[in-house]
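A structural walkthrough
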Amino acid sequence: MDTQGDRTSTARRMWLWPVAILVSFPIGGYIADLVMDGVDSVGAGLAGGLIAGAIIGAAEWFALRQWVSWLWILATTAGMAAGLTAGAALVDYGIDRGDIVLMGAVTGVGVGVLQALVLARQRIPGAFWWAVANPPAWALGWFVSSYVIARNIDERFPVFGASGALVFGLLTWLLLAALFRAAAPKVRGTAATAAP
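Now for a look at the structure at hand. Quick caveat, the model's predicted, so the values are computed rather than measured. (Residues numbered from 1 in each chain as written. Predicted model: local features only at pLDDT ≥ 70, side-chain atom pairs only at ≥ 80, totals over all residues. Heavy atoms only, no water.)

Attention now goes to the overall build of the chain. The helix and strand inventory of the chain stands at seven helices and zero strands. Starting at the N terminus, the α and β elements of the chain follow one another as α-α-α-α-α-α-α. Looking at the chain residue by residue over its 196 residues, the buried ones come to 49%. Pairs at least 24 apart in sequence give 73% of the contacts found in the chain among residues at least 6 apart. Roughly 8,700 Å² of accessible area belongs to the chain as shown, and the carbon and sulfur atoms make up 69% of that amount. (Helix = DSSP H or I, 4+ residues; strand = E, 2+ residues; numbered from the N terminus. Buried < 20%, exposed > 50% of the residue type's maximum accessible area, 1.4 Å probe, protein only. Contact = heavy atoms within 4.5 Å. Areas by Shrake-Rupley, 256 points an atom, 1.4 Å probe, with all protein chains shown as cover.)

What follows concerns the packing of aromatic side chains. Applying the stated criterion across every chain, the model contains 14 aromatic pairs. When the ring of W17 is compared with that of W72, the centres are 6.4 Å apart and the planes differ by 85°; the resulting orientation is edge-to-face. Taken as a pair, W17 in helix α2 (residues 16-36) and W72 in helix α4 (residues 71-90) lie far apart in primary sequence, 55 residues in all. Look at W72 and you get buried, because its relative accessible area is 0%. (Phe/Tyr/Trp six-rings, centres within 6.5 Å; stacked < 30°, edge-to-face > 60°.)

A few words now on a nonpolar patch on the surface. The grouping of V19, V23, I27, Y30, I31, L34 and V35 at the surface amounts to a nonpolar patch, some 660 Å² of accessible area in total. With respect to the secondary-structure elements, V23 resides in helix α2. (Patch = residues over 30% accessible without salt bridge, like charges linked within 9 Å, V, L, I, M, F, W, Y side chains within 5 Å. Salt bridge = Lys/Arg side-chain N within 4 Å of Asp/Glu carboxyl O.)

This part takes up the packing of helix α5 (residues 97-121) against helix α6 (residues 127-148). Interhelical geometry of α5 versus α6 gives an angle of 150° and a closest axis separation of 7 Å. One element, α5, and the other, α6, form an angle in the roughly antiparallel class. For α5 against α6, the interelement crossing comes out right-handed. Among the residues making up the contact of α5 with α6, the classes are represented as 19 nonpolar, seven polar and one charged. (Axes fitted to C-alpha atoms, helices over the stretch in contact; angles between N-to-C directions. Parallel < 35°, antiparallel > 145°, perpendicular 65-115°, else oblique. Left-handed = near helix turned anticlockwise from the far one by under 90°. Nonpolar A, V, L, I, M, F, W, Y, C, P; charged D, E, K, R; others polar.)

A word on empty space enclosed by the protein. For the structure on display, the rule yields two cavities of 30 Å³ or more. Here the largest cavity defines a volume of roughly 80 Å³. Grouping the amino acids of the lining of the largest cavity by side-chain chemistry returns 10 nonpolar, one polar and one charged. (1 Å grid on protein atoms, 1.4 Å probe; cavity = no way out; pocket = protein on both sides within 12 Å on 5 of 7 lines; lining within 4 Å. Points joined across faces, edges and corners; volume = space filled by probe spheres on them.)

Here we come to α6. With 22 residues, α6 extends 32 Å from end C-alpha to end C-alpha; this agrees with the ideal 32 Å at 1.5 Å per step. Its axis deflected by about 30° at A133, α6 carries its strongest bend there, up to four residues before the proline P135. (Expected span 1.5 Å × (residues − 1). Bend = angle between axes of the 7 residues up to and from the residue.)

The subject of this paragraph is the packing of α2 against helix α3 (residues 42-64). Helices that pack against each other are described as a pair by the angle of their axes relative to one another and the distance between those axes. Packing of α2 against α3 leaves a shortest axis separation of 8 Å and a crossing angle of 155°. By the criterion of interaxial angle, the relationship of α2 to α3 is roughly antiparallel. In this structure, α2 crosses over α3, and the sense of that crossing is right-handed. Among the residues making up the contact of α2 with α3, the classes are represented as 19 nonpolar, five polar and one charged.

Along the polypeptide, S145 turns up in helix α6. By relative accessible area, which is 1% here, S145 ends up buried. Ignoring sequence-local partners within four residues, the contact set of S145 consists of F160, G161, S163 and G164.

Within the fold, Q122 resides in the loop between α5 and α6. Q122 sits 55 residues away from W67 along the chain, and the two C-alpha atoms are 7.6 Å apart. Here S69 takes part through its backbone nitrogen, which lies 3.4 Å from a polar atom of the side chain of Q122. (Polar contact = N/O pair within 3.5 Å; in protein donor to acceptor, adjacent residues only side chain to side chain.)

As structure tokens, then:
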């Protein structure tokens, strides 16, 4: 088995991850915001999370489809819906910087835990670290975006914009690259045999 070739292929393929993040987060957030007009209630949080989560999850899955099954899309959608709903309610739909950072961290818990379960199902070593890394990465994404969109933060977007997505995408790309590189020899056939 050519492990050097697998590592090179993994590193090359992982460049799609930050691109998928940079494209899907603003688009998913924008579409969810058009439909919900701000996350200001439980229903808006749930619907906004479902819409943005489905778009983000599909884009992320496209970047990772060689390593993970389509369950990634469902995990991202459900995780974002639950996390955004809980996080927004926890801060009482506040828009102070601390509120949106905490909301981001809670959203990251929902998304990170469910995505980590998909990684574990694919037998990716260290999937636990994905669940641990997501809350601070989501919080940091919101922290960065809060400076960029300060004038219209009161629109209560469901997810951070391009500036936060860039930071989030690069940080999580480093972790995913390490996880998939460690798993490269065994994962290639696992995603193909995952649940139909």
